[in-house]
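# Structural overview for review
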Amino acid sequence: MATTTQAGVTSAHAGEMKKHKMLIGGKWVEPSTGNWFESVNPYTAKPWALIPRGASEDINRAVAAAKKAFYDPAWRNMSATARGHLLRKLADLIAGEAERLGQIETTDNGKLIAEMGGQVKYIPQWFHYFGGLADKIEGRVIPIDKPGVFNFTREEPVGVVAAITPWNSPLLLATWKLAPALAAGNTVVWKPSEFASVSALEFGELFERAGFPPGVVNIVAGFGTEVGETLVTHKDVAKVAFTGGDKTGEHVYSMAARGLKRVTLELGGKSANIVFDDAELDEAVKGAISGIFAATGQTCIAGSRLLLHRPIYDQFVEKLLAMARTAKMGNPIDPNTQVGPITTQPQYQKVLDYIRIAKEEGATCQLGGGPAKRPECGNGWFVEPTIFTGVKPNMRIAQEEVFGPVLSIIPFDDEEEATRIANDSMYGLSAGVWTTSIRRALMMSERLEAGTVWVNTYRAVSYMSPFGGYKRSGIGRESGMEAIREYLQTKSVWIDTVGNAPNPFIMRMGGQG
Ligand code: TXE
């Protein structure tokens, strides 16, 4: 059997690995191409699973199944309460499988098991929350400005939703799309990243077990340009919910625009983590570490620009370096590991390229600055936790998303300068502020151009709180009450209650009765 790696290299290990299938119309099917590709464990840099290489034909089948399910009375006529019940049942099933799913994701994308354990246990909360919201989707009765008419609104699902997810947190980021989409009564075709599809394909089985009608959720694996584009441009897809890089997001947005589709995009950032001289410094050091080295910096909300108030600059850098030096690298499946590998080989190369660029631009490397050759890192794609000082706000390392464990430190003199530097970015996903002054906390959270501002904490998310970007970090919101609106469309219904038709040659405008 011919299989290829994610980089297109033919492999000899195919026989030992689990060969996954795709979920289309309630059935587990092989790809129409008859081809699989290998998913690589970033810690060993060796393949460990076989992913079906979907093609346009598979997307067409999946969208047709999702469309059929959308109109099928089994889903369309299901009461909102029953829909909510299915979501909550799914939540319970996920909770029961949390450990297994966490281990799969750690093996597939190298995210720490220490973090995955918590993440997969928390995922059910999204399905509980949106399951609870399913039967609270209500319209309005509008006291219209004309006599003899009754006007009300209905909130209706949009149809088939395309969910496209990246490799850094596949299940969590899919959950942010699937939970509100399903609660609102839509059907879904989910395309996970070609670099981390295994957890998605394993997750699919839980929809069946929870009792979702066939075709309500479909999962097609494969490459962005092969299946992603067919999905985004498919005429029967009503909405695209995408998380990934901003360049791909821009392309997805323009393709979706041609079909006048609804779009939500979550596209990463270059978040500023700002420490004032009145902050609890030891807490802020932990916040800075968590901002850039947690998840090996491969998170859209990475606090990759650390802005330090000049009076505490030297002291803070010293404390930060001391803590960063203690970071324990190694196998992400070991619960004591603190910094794991880079998930993909191209991403590993990208991070190393940015380190080189930062040095060429004249930044001073205070820590790390290259591949990690520690014995505990084996053959994996590891990069040393890296800290640059002497970074100017206009350098590429301060403007572009690295998506790795690389921190840029920039000093500032006062609130005005901190705000100016923080907002001098094409991105606006999140920001951190460290201060004990309530005045500063409120002032900065008002001034910062970011979808999320954390004060004296960092990297906190919840199913209840809206999440999304300003500027190039995205469009729309995930989580919270805001998210469900992204999956609904409003219908206005007019009913004449008197039967006394006015002049039929003119529109019924205000005051004309
Ligand atoms: O993401 P892509 P990549 C950033 C990060 C990273 C960069 C590139 O800076 O270095 O993006 O990562 C699918 N039509 N983020 O290349 O390409 C693809 O198959 C339709 C930030 O891995 O954005 C995958 O499922 N779909 C981010 C998804 O898009 C296409 C998380 C994301 O892939 C497609 C990850 C196409 N033409 C990376 N091309 C975050 N916001 O958290 C690709 N895809």
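What you see is a predicted model, and the numbers here were worked out from it, not measured in a lab.

## Points about the domain arrangement of the chain
Bring the parts together and some accessible area is lost; that lost area is often taken as the interface size. Each assigned domain of the chain is listed with its residue range as follows: domain 1 (22-32 + 58-267 + 473-491) and domain 2 (272-455). Between domain 1 and domain 2, the C-alpha centre-to-centre distance is 32 Å. In this assembly, 18 residues from domain 1 lie in contact with 23 residues from domain 2. A combined buried area of about 1,600 Å² lies between domain 1 and domain 2, and 63% of that area is made up of carbon and sulfur atoms. If you sort the residues of domain 1 by the area they bury against domain 2, Leu112, Trp167 and Ser473 come out on top, with a joint share of 35%. Inspection of the domain 1/domain 2 interface yields zero salt bridges. At the junction of domain 1 with domain 2, the criterion picks out six residue pairs in polar contact (both at pLDDT 80 or more). At the level of elements, helix H3 (80-109) and helix H4 (113-133) are the ones that each hand at least two residues to the side of domain 1 that touches domain 2.

## What to know about the nonpolar core
Formed by 98 residues in total, the largest nonpolar core has its most connected members in Phe127, Leu182, Trp190, Phe212, Val275, Phe316 and Leu320. Sorting elements by how many residues they give to this core places helix H5 (residues 170-183) first, with ten residues. Both domain 1 (22-32 + 58-267 + 473-491) and domain 2 (272-455) contribute no fewer than three residues apiece to this core. Beyond its immediate chain neighbours, meaning those up to four positions away, phenylalanine 212 contacts Trp75, Leu86, Leu87, Leu90, Leu182 and Phe207. One finds Tyr348, Leu352, Ala358 and Met395 within the second-largest nonpolar core, a separate group that totals 33 residues.

## Quick notes on the packing of H3 against helix H6 (residues 198-210)
The interhelical angle for the contact between H3 and H6, taken along N-to-C directions, is 160°, at an axis separation of 9 Å. Considering their axes alone, H3 and H6 lie roughly antiparallel with respect to each other. Considering the relative orientation of H3 and H6, their crossing is right-handed. Contacts from Leu86, Lys89, Leu90, Leu93, Ile94, Glu97, Arg100, Leu101, Ile104, Glu105 and Asp108 in H3 reach Val198, Ser199, Glu202, Phe203, Glu205, Leu206, Phe207, Arg209 and Ala210 in H6. Looking at the contact of H3 with H6 residue by residue, the class counts come to eleven nonpolar, one polar and eight charged.

## What to know about the packing of aromatic side chains
With the rule as written, the count across this model stands at 18 aromatic pairs. For the ring pair tyrosine 129 and tyrosine 463, a centre distance of 5.5 Å and an interplane angle of 55° mean the geometry is tilted. Taken together, the positions of tyrosine 129 in helix H4 and tyrosine 463 in the loop between strand E21 (452-455) and strand E22 (470-471) put the pair 334 residues apart, joining distant regions of the chain. In this pair, the class of tyrosine 129 matches that of tyrosine 463, namely buried. Joined through ring pairs, the aromatic side chains of Tyr122, Trp126, Tyr129, Phe130, Trp176, Tyr463 and Phe467 make up one cluster. Above the face of the tryptophan 36 ring, lysine 19 is positioned so that its terminal group lies 4.0 Å from the ring centre. Above the ring of tyrosine 487, the side-chain terminus of lysine 239 is found at 4.4 Å from the ring centroid.

## A closer look at the environment of isoleucine 123
Tracing the backbone through its elements, the reader meets isoleucine 123 in helix H4. Look at isoleucine 123 and you get buried, because its relative accessible area is 0%. Sequence-distant contacts of isoleucine 123, that is, excluding residues within four places in its chain, are made with Ile94, Leu171, Leu172 and Thr175.

## Overview of the site of the ligand
With respect to spatial proximity, 28 residues lie near the ligand, and among them Trp167, Glu194, Gly245, Gln347 and Lys350 are the closest. Interatomic distance of 3.4 Å between a backbone N/O atom of glycine 224 and an oxygen atom of the ligand. Lysine 350 has a polar side-chain atom sitting 2.5 Å from an oxygen atom of the ligand. In the complex, the protein chains occlude 88% of the 820 Å² of accessible area that the ligand would expose alone. The cavity that encloses the ligand is the largest pocket. Among the elements of the structure, helix H7 (224-233), strand E12 (237-243), helix H8 (246-258) and helix H11 (345-360) are those that each provide at least two residues to the shell around the ligand. Here the residues of the shell around the ligand sort into ten nonpolar, twelve polar and six charged. Two domains each put at least three residues into the shell around the ligand: domain 1 (22-32 + 58-267 + 473-491) and domain 2 (272-455).

## Some points on the sheet that holds strand E24 (residues 488-496)
Taken together, three strands build an open sheet; the order of strands is E7-E8-E24 and the sheet is antiparallel. Of all strands in the sheet, those with a lone pairing partner are strand E7 (141-142) and E24, marking the two edges. In this sheet, E24 lies alongside strand E8 (residues 149-157) in antiparallel orientation, the contact comprising nine bridges. Its bridge partner lying in E24, phenylalanine 150 is registered against isoleucine 495.

## A short note on helix H9 (residues 281-292)
The terminal C-alpha atoms of H9 lie 17 Å apart, and with twelve residues this matches the ideal 16 Å at 1.5 Å per residue to within 8%. For H9, the set of buried residues is Leu281, Ala284, Val285, Gly287, Ala288, Ile289, Gly291 and Ile292. Residues of H9 that are buried in the fold lie against strand E14 (272-275), strand E15 (305-309), helix H10 (313-325), strand E18 (406-412) and strand E20 (430-434).

## Concerning the side chain of threonine 435
As for its position among the elements, threonine 435 is in the loop between E20 and helix H14 (438-447). On the basis of relative accessible area, threonine 435 is assigned to the buried category, the value being 2%. Here the side chain of threonine 435 touches aspartate 278 through a polar contact of 2.8 Å, side chain to side chain. Of note is the side chain of threonine 435, whose polar atom sits 3.0 Å from the backbone nitrogen of serine 437.

## Regarding empty space enclosed by the protein
Enumeration according to the criterion identifies four cavities of 30 Å³ or more in this entry. Considering only enclosed or pocket space, the largest cavity measures out at about 90 Å³ in volume. Taken together, 15 residues line the largest cavity, and the ones lying closest to its centre are Ala272, Arg305, Ala422, Ser430 and Glu449. Mapped by element, the contributors of at least two residues to the lining of the largest cavity are helix H13 (415-423), strand E19 (427-428) and E20. Partitioning the lining of the largest cavity into residue classes produces seven nonpolar, five polar and three charged. Of the pockets and cavities examined, the second largest cavity occupies roughly 70 Å³. Around the second largest cavity, the lining residues are Asn109, Gly110, Lys111, Leu112, Asn168, Ala295, Thr296, Gln298, Gln338, Gly340, Pro341 and Thr343.

Criteria and thresholds
Residues numbered from 1 in each chain as written. Predicted model: local features only at pLDDT ≥ 70, side-chain atom pairs only at ≥ 80, totals over all residues. Heavy atoms only, no water. Domains from an automatic or database assignment. Contact = heavy atoms within 4.5 Å. Buried area = accessible area lost by both parts, 1.4 Å probe. Salt bridge = Lys/Arg side-chain N within 4 Å of Asp/Glu carboxyl O. Polar contact = N/O pair within 3.5 Å; in protein donor to acceptor, adjacent residues only side chain to side chain. Helix = DSSP H or I, 4+ residues; strand = E, 2+ residues; numbered from the N terminus. Core = buried A, V, L, I, M, F, W, Y, C linked by side-chain atoms within 4.5 Å. Buried < 20%, exposed > 50% of the residue type's maximum accessible area, 1.4 Å probe, protein only. Axes fitted to C-alpha atoms, helices over the stretch in contact; angles between N-to-C directions. Parallel < 35°, antiparallel > 145°, perpendicular 65-115°, else oblique. Left-handed = near helix turned anticlockwise from the far one by under 90°. Nonpolar A, V, L, I, M, F, W, Y, C, P; charged D, E, K, R; others polar. Phe/Tyr/Trp six-rings, centres within 6.5 Å; stacked < 30°, edge-to-face > 60°. Lys NZ or Arg CZ within 6 Å of the ring centre and 35° of its normal. Near = heavy atom within 4 Å. Areas by Shrake-Rupley, 256 points an atom, 1.4 Å probe, with all protein chains shown as cover. 1 Å grid on protein atoms, 1.4 Å probe; cavity = no way out; pocket = protein on both sides within 12 Å on 5 of 7 lines; lining within 4 Å. Sits in = over half its atoms within 2 Å of the grid points. Pairing = 2+ DSSP bridges. Expected span 1.5 Å × (residues − 1). Points joined across faces, edges and corners; volume = space filled by probe spheres on them.

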